[in-house]
Every structure is written in C-alpha cells, then in structure tokens.
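Descriptive analysis of the structure
What follows is the residue order along each chain.
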Amino acid sequence: MATWNHILLIDSNSPLMEQLNFFHDHTLLIITLITILVGYNMLSLLTNSFINRFLLHGQLIEIIWTILPAIILLFIAFPSLRLLYLLDETNKPSLTLKSIGHQWYWSYEYSDFKNIEFDSYMVPSAELNEGDFRLLDVDNRIVLPNHTQIRLIATATDVIHSWTVPSLGVKIDATPGRLNQTNFYMNRSGLFFGQW
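Residues numbered from 1 in each chain as written. Predicted model: local features only at pLDDT ≥ 70, side-chain atom pairs only at ≥ 80, totals over all residues. Heavy atoms only, no water.

What follows covers the overall build of the protein. What the protein contains, in helices and strands, is three helices and seven strands. When the elements of the protein are put in sequence order from the N terminus, they spell out α-α-α-β-β-β-β-β-β-β. Compactness check: the protein gives a C-alpha radius of gyration of 24 Å against a globular reference of 16 Å for 196 residues, more than 25% above the reference. Oriented by its inertia axes, the alpha-carbon framework of the protein measures out at about 75 × 40 × 35 Å. Residues classed as buried in the protein amount to 27% of the 196 residues present. A fraction of 59% describes how many contacts in the protein between residues 6 or more apart in sequence connect residues 24 or more apart. Put simply, the protein shows about 13,900 Å² of open surface, and 63% of that area lies on carbon and sulfur atoms. For the protein, the centre of its 11 positive side-chain charges and the centre of its 17 negative side-chain charges are spaced 7 Å apart. (Helix = DSSP H or I, 4+ residues; strand = E, 2+ residues; numbered from the N terminus. Rg over C-alpha atoms; globule rule 2.2 N^0.38 Å. Buried < 20%, exposed > 50% of the residue type's maximum accessible area, 1.4 Å probe, protein only. Contact = heavy atoms within 4.5 Å. Areas by Shrake-Rupley, 256 points an atom, 1.4 Å probe, with all protein chains shown as cover. Lys, Arg positive; Asp, Glu negative; His and termini not counted. Charge placed at Lys NZ, Arg CZ, Asp CG, Glu CD.)

Judged by how many residues are buried, strand S5 (residues 161-165) sits mostly within the fold: five of five residues are covered. Here S5 hands over to strand S6 (residues 170-174) after four residues, with glycine 169 in that stretch at a positive phi of 70°. (Pairing = 2+ DSSP bridges.)

A word on the UniProt feature "transmembrane region" (unreviewed entry) in the protein. Mapped onto this numbering, the UniProt entry gives "transmembrane region" (unreviewed entry) at residues 27-51 and 63-87. Helix makes up 100% of residues 63-87 and strand 0%, with an end-to-end C-alpha separation of 36 Å. (UniProt positions renumbered as here; feature names shortened; annotations may be inferred.)

Time to look at the packing of helix H1 (residues 15-47) against helix H3 (residues 59-88). Contact geometry for H1 and H3: axes closest at 11 Å, N-to-C directions at 170°. When the interaxial angle is binned, H1 and H3 end up roughly antiparallel. Contacts from Leu16, Gln19, Leu20, Phe23, His26, Thr27, Ile30 and Ile34 in H1 reach Ile72, Phe75, Ile76, Pro79, Ser80, Arg82, Leu83, Leu86 and Leu87 in H3. Of the residues belonging to the contact of H1 with H3, the class tally is twelve nonpolar, four polar and one charged. (Axes fitted to C-alpha atoms, helices over the stretch in contact; angles between N-to-C directions. Parallel < 35°, antiparallel > 145°, perpendicular 65-115°, else oblique. Nonpolar A, V, L, I, M, F, W, Y, C, P; charged D, E, K, R; others polar.)

Phi is positive for leucine 135, which is not a glycine, with a value near 65°. Topologically, leucine 135 is positioned in the loop between strand S3 (116-121) and strand S4 (149-156). Classification of leucine 135 by relative accessible area gives partly exposed; the value is 47%. In this model, histidine 147 sits at a positive phi of 55°, which is unusual for a non-glycine residue. With respect to the helices and strands, histidine 147 occurs in the loop between S3 and S4.

Structure below.
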C-alpha cells in the first residue's frame, strides 16, 4: 500500500506489474543518460568559447543528430510494444470475476462455479477501525486465489468508472453498455487495495 512518503513504485504482485516496473526502470535509465548528455553539452557551450567550423555547416552532423534520437526512440518503443501485447494477452482463465460499477459502489459476480453476487460499499469515515484506510476500505472484499489466471469483466450501469489495483498492474474502464475484459495473475496472497 502506497502512503504519503512512498517514493518508488508499489511492490509488484503479478508478472505484468514486474514487467511494468522493469520498463519504467529501462526508460528512466535512457532519460537519465539523455539528461546527462544534454546537460554536459549545455555546460560546455557556456564555459567554452571555441568554435568548430565543421559543426556550423555539415551534412554529417545533421545526419547524426537526426538518426541518433530515432535509434533512442526505438530502444523505448520495442519494449513498450512488447509490454502492450503482454497486457492484452488473455490466457486460459481459471476464474472469471464480473465487476459492475455503480454510482457509489461496485457489484461483483462469481459465475463460474456458483452464482455468487454481492455489493461492495466503501466504509464511511465514521465507522473506520484503527489501521483502516480512509476512502479505500470496503465492507465486502473480493476474495481471489493466488497462482491462478483470473479474467476480470467490467461494465457500469450509469457513468464510466475505473477499476484498478496498482500492485497487480491492472486498470480497466467500466463503461455503460460495454463489457471490457482484462486478466491478471497474483504471485502471492495478501490484502491489496485498489482505487476508484
């Protein structure tokens, strides 16, 4: 659970979130190297009065500073595309959870084995116990197995809602009149909070 002093990303609980963390670190390394290179060039321009006449007019340098950023963008684009396909891939799910967003609560249905339906309301601030999280805790929590491929189907009844659990790397929009689908796999058991 992220708190106000949390600097880094949330610890991952699924293989997809691990890949998202790796991609974040990969992109951050590239951005850091670019920032250091540009900062060094700007500092050397401010402190150096030398002029190279071949850098003022030259086809070679223009080719270099056109192709080099394109190559850097490819180093970001290929892992990003791989990750997009991983996020959209649906393996054979063992369990399907249907989530229906309402104005102030969510309804859940487990329809694979038994027809189980329940509503999940946010706990009011006056009824919170010590250690509960305000605006995050609910009265009926979802119980899901770990080490199982889970399919989530989301829809809404009134307006667009967003169903997300950051530690799983899952975020899906629940739109009225439409079924959206995603999947996730939990590595470990625990209590994971989402956002509304």
